[in-house]
Amino acid sequence: MKIHTLSGVVILTLTSTPIMASQELAEKNGCMGCHLMDRRTVGPSIKQIAERYAAQPDASATLYEKVKNGGGGPWHGTWGSIPMPPHGDNIQPDTMKTIVDWMLLQK
Ligand code: HEC
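Scoring rules and cut-offs
- Sequence order as written defines residue numbering, which begins from 1 separately in each chain.
- Where totals are concerned, whole chains, interfaces and linings use all residues; where local detail is concerned, this predicted model gives features only for residues with pLDDT of at least 70, and gives and counts side-chain atom pairs only at 80 or more.
- Calculation of side-chain values draws on the structure's entire complement of heavy atoms; hydrogens and water are dropped beforehand.
- Throughout this document, a residue counts as near a molecule or strand when at least one of its heavy atoms sits within 4 Å of that molecule or strand.
- Whenever two N or O atoms come within 3.5 Å, that pair is a polar contact, provided that in protein one can donate a hydrogen and the other can accept it, and provided that, for residues adjacent in sequence, both atoms are side-chain atoms.
- Note on conventions: DSSP H or I runs of at least 4 residues are helices, E runs of at least 2 residues are strands, and numbering of each starts at the N terminus.
- Note on classification: 1.4 Å probe, protein chains only; a residue is buried when its accessible area is under 20% of the maximum for its type, exposed when over 50%, partly exposed between these limits.
- For this quantity, the arc is that covered by the directions from the helix axis to the C-beta atoms.
- We call two residues contacting when some pair of their heavy atoms lies within 4.5 Å.

> Got a sec to walk through the site of the ligand? Specific residues and values, please.
The full set close to the ligand counts 24 residues, and Cys31, Cys34, His35, Tyr53 and Met84 are the nearest of them. Tyr53 places a side-chain nitrogen or oxygen 2.5 Å from an oxygen atom of the ligand. Elements represented by at least two residues in the shell around the ligand include exactly helix H3 (59-69) and helix H4 (93-104). The element contributing the most residues to the shell around the ligand is H3, with three residues.

> Could you give an account of H3, naming the residues involved and the relevant values?
The complete set of buried residues in H3 reads Ala59, Leu63, Tyr64 and Val67. Each buried residue of H3 sits inside an arc of 125° when the element is viewed along its axis, so together they form one side. Immediately downstream of H3, the backbone of Gly70 shows phi near 70°, a positive value.

> Tell me about the environment of Val100, and name the residues and values.
Within the secondary structure layout, Val100 lies in helix H4. Given the relative accessible area of 4%, Val100 is considered buried. When the C-alpha atoms of Val100 and Ala59 are compared, they prove to be 9.2 Å apart, with 41 residues separating the residues in sequence. Once residues lying within four places of it in the same chain are set aside, the contact partners of Val100 are Ser60, Leu63, Tyr64 and Val67.

Below is the structure:
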């Protein structure tokens, strides 16, 4: 029983740390300026994005390209006509991939 409880704590610690770090990356790189967690602002909320792409197996790669190159997408015109600016020049590929994958988990 003791061992069981202990391993539960270890797993919790391991899974929650990277998630916090990813949100921090999104904040640091300006994504949260246009994407709030659960309320749409300039762009769709992160939750809306995760839900929209939940059933799409190649979402990670597709959205990576979108964030890198910017531009309007399937949300365009829904509540505004501001396209997303390209981020490929100022964010490292690894960082960008981490943020996109994290967004896709926020259902
Ligand atoms: C200046 C505002 C702004 C910033 C900063 C911004 N976005 Fe966006 N983003 C948008 C808008 C607007 C859309 C909707 C585009 C459309 O479909 O017209 C969008 C759409 C998206 C989508 C969905 C794209 C699709 O094709 O469905 C993802 C994923 C995304 N953004 C991720 C990010 C990430 C990651 C960052 C930070 C590196 C970021 N955004 C920073 C405005 C922004």
